[in-house]
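Structural features, examined
Residue-level listing of the chains:
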Amino acid sequence: MPLDDDDDRKWVYRSHTAAKHEVLRKYLKPWTNKLTTYNLKSGDQNKVRVVDCFAGRGSYVDTEDTDPLSLEHISTPAEFPGSPQLILDRLTERSDQFDSAECTFIEADLTNYEILEENIERTSGYDQDISVNCKHGEFQNTVLNVIESTDGNDCPTFFFIDPFGFQSLDYDVVTELGSTPQFEFLITFMSRDMNRFLGSEDHQEALNTVFGEDEWQSKIDSYDASNWVPLVEYYTDRLEANGPSQTFEYMITEPETTQTVYYLVFGTNSSAGLQTMREVMSYCGTGKFAYAPKKPEYNRNQAQLPIGNNQTKEFLQDRFEEYIVTFSKLVEVCSEERKYSDATVSDYREALHELEDEGEVDIQRITSEKTGIQGSDLVDFHNSDKFAG
Ligand SMILES: C[S@@+](CC[C@H](N)C(=O)[O-])C[C@H]1O[C@@H](n2cnc3c(N)ncnc32)[C@H](O)[C@@H]1O
């Protein structure tokens, strides 16, 4: 018998909970920085919104093998706090950057909701420009109304979609959120549960709702229990078909085995959003876009050899040989075309420094004053006859 969502046994803070919170925590700060800068540049009201769509209780009853998340700015009665407090804490950290921030915490289970409400009522220290709204209801039936009643896509909005299972991940709702230009999401995609139920007649309809079509079974043929990449790839392809233009995945396993628990699936319509999350996911967990202590060899880009600086240099020369390109554009293209390679922004910078020393490229400093490489600095690959800004 599956446990009810308000069963205390479901509320133990585990390593994979911490791994998930680490990504959320590390992304919210650069997200706030970037989006508020964008608001200011575009002359829009300087507001951001975070919707925690499966907010939970705002507390766990116990921890196992790991420390609970630490909060720097706010105080809460929960000994082991949850994602709502993490969000309030991170926004408070960056509250000098916005005029207002709006947090909505949606929770369907009444017992959990009441615990959440009490925890949030007794949480203090978060910035006065942050408004908080706890909402009792189901994500799939509530979130679009919440957005409509708060003026739709009026400001950059981040959705944390963190169910226990997969049943409520309604494809139409998720893609509607994901297709909105200023919206981004991070989904806990419960691959372990999916794996368990893929063959079960009783779950076919729920799975049809998750994937937004009935033919999924034949399309994930190459999937097997030891390699779940085809399953998550199929899901992200489905999301990209009608939702966000870019997705990115991060694998989370059990700490003591190689068993995948879930993938975090990120969706965005912005190249800058993809780049930022990619960087964050590259230094979270155990590396290579995963928390997988027992899979040190894990490489999401299975077909590719580990990427060293030489491969990065060769890639840059091949890809851009006909171009003069700004450093920002170069990083944007690389983040999209080499999504799961190890290289980060600083690796691209280092490779360009070496190419410059070897006389293979010329760099005209526009943003940088002296020898740095950033932003609008122009990189000329010598055979260039085209400009890519
Ligand atoms: C994994 S827990 C959330 C944990 C929380 N995000 C955190 O990190 O602390 C999932 C929560 O979603 C709630 N829930 C289940 N179905 C839901 C639905 N359709 N809409 C909103 N919440 C739901 C459950 O009661 C549970 O509290």
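Note that the coordinates shown come from a computational prediction; the quantities given were computed from them, not determined experimentally.

In spatial order, the strands read β5-β4-β2-β6-β7-β9-β8-β10; together these 8 strands make up an open sheet with mixed pairing. Each end of this open sheet is capped by a strand with a single partner; those strands are β5 (130-136) and β10 (290-291). Alignment of strand β2 (residues 47-52) against strand β6 (residues 157-161), held across 4 bridges, turns out to be parallel. Bridge pairing in β6 places D52 opposite F160.

Quick look at helix α7 (residues 204-211) now. Taken together, the buried positions of α7 are Q204, A206, L207, V210 and F211. Projection of α7 onto a plane perpendicular to its axis shows the buried side chains occupying an angular sector of 160 degrees, all on one side. Taken together, the buried residues of α7 touch α5 (171-178), β7 (183-189), α6 (191-197), α8 (216-219) and α9 (229-242). A positive phi of about 70 degrees marks G212, the residue just after α7.

Turning our eyes to something else, we now look at helix α13 (residues 345-357). Along an α-helix, residues three or four apart share an orientation, since each turn contains 3.6 residues. Compared with an ideal rise of 1.5 Å per residue, which puts 13 residues at 18 Å, α13 spans 19 Å between its outermost C-alpha atoms and is within 8% of the ideal. For α13, the secondary structure elements touched by its buried residues are α10 (271-283), α11 (309-320), α12 (327-337), β12 (362-364) and β13 (378-380). G359 sits one or two residues past α13 and shows a positive phi near 80 degrees.

A few words on the site of the ligand. Around the ligand there are 23 residues in total, and H21, Y60, E107, F139 and D162 lie nearest to it. Between the ligand and the protein, one listed contact pairs an oxygen atom with a side-chain N or O atom of N112 at 3.1 Å. Between a nitrogen atom of the ligand and a side-chain N or O atom of D162, the distance comes to 2.7 Å. With the chains in place, 95% of the 600 Å² that the ligand exposes on its own is no longer accessible. In terms of residue class, the shell around the ligand is built from 10 nonpolar, 8 polar and 5 charged.

Let us now look at the side chain of D154. In this structure, D154 sits in the loop between α4 (139-149) and β6. In terms of polar contacts, D154 uses its side chain to reach the side chain of K47, at 3.2 Å. Reaching out from D154, the side chain makes a polar contact with the side chain of R49 at a distance of 2.8 Å.

Our focus in this paragraph is the nonpolar core. L91, F105, F158, L186, Y250 and M281 are the most contacted members of the largest nonpolar core, which has 49 residues in total. When residues in this core are grouped by element, the largest group, 8 residues, is from helix α1 (residues 15-42). If you look at the next biggest cluster of nonpolar residues, it comprises 41 residues, including V173, F211, M251 and A292.

Here the domain parsing of the protein chain yields domain 1 (8-291) and domain 2 (309-388). In this structure, domain 1 and domain 2 have C-alpha centres spaced 33 Å apart. Taken residue by residue, the interface counts 13 residues in domain 1 and 13 residues in domain 2. Buried surface at the junction of domain 1 and domain 2, summed over both partners, amounts to about 1100 Å²; 47% is from carbon and sulfur atoms. When the area that domain 1 buries against domain 2 is broken down by residue, the three leading residues are Q275, R278 and E279, summing to 44%.

Parameters at a glance
Residue numbers restart at each chain and count upward from 1, following the sequence in its written direction. Where local features are concerned, this predicted model is filtered to residues with pLDDT of at least 70; where side-chain atom pairs are given and counted, the filter is 80 or more; whole-chain, interface and lining totals use all residues. Working from all heavy atoms in the structure, the side-chain values ignore hydrogens and water. Strand pairing is assigned whenever DSSP detects at least two bridges linking the two strands. Secondary structure is summarised from DSSP: a helix means a run of H or I of at least four residues, a strand means a run of E of at least two, and numbering begins at the N terminus for each. Any residue under 20% of the maximum accessible area for its type is buried, any over 50% is exposed, and the rest in between are partly exposed; the area is computed with a 1.4 Å probe on protein chains only. Taken from the helix axis, the directions to the C-beta atoms give the arc we talk about. For this analysis, residues touch if any pair of their heavy atoms sits within 4.5 Å. One fewer than the residue count of a helix, multiplied by 1.5 Å, yields its expected span. Nearness is defined per residue: one heavy atom within 4 Å of the molecule or strand is enough. Distance and chemistry together define a polar contact, namely a pair of N or O atoms within 3.5 Å, with one atom able to donate a hydrogen and the other to accept it when in protein, and with adjacent residues in sequence counting only for side-chain atoms on both sides. Each accessible area is a Shrake-Rupley estimate made with a 1.4 Å probe; only the visible protein chains count as cover when residues are assessed. Nonpolar residues are Ala, Val, Leu, Ile, Met, Phe, Trp, Tyr, Cys and Pro. Charged residues are Asp, Glu, Lys and Arg, and all others, Gly as well, are polar. Within this scheme, the nonpolar core is defined by two criteria: the residues are buried Ala, Val, Leu, Ile, Met, Phe, Trp, Tyr or Cys, and they are joined through side-chain atoms within 4.5 Å. What counts as a domain boundary in this text is fixed by an automatic or database domain assignment. Buried area is a sum: the accessible area each of two parts loses on coming together, probed at 1.4 Å, counted once for each and added.

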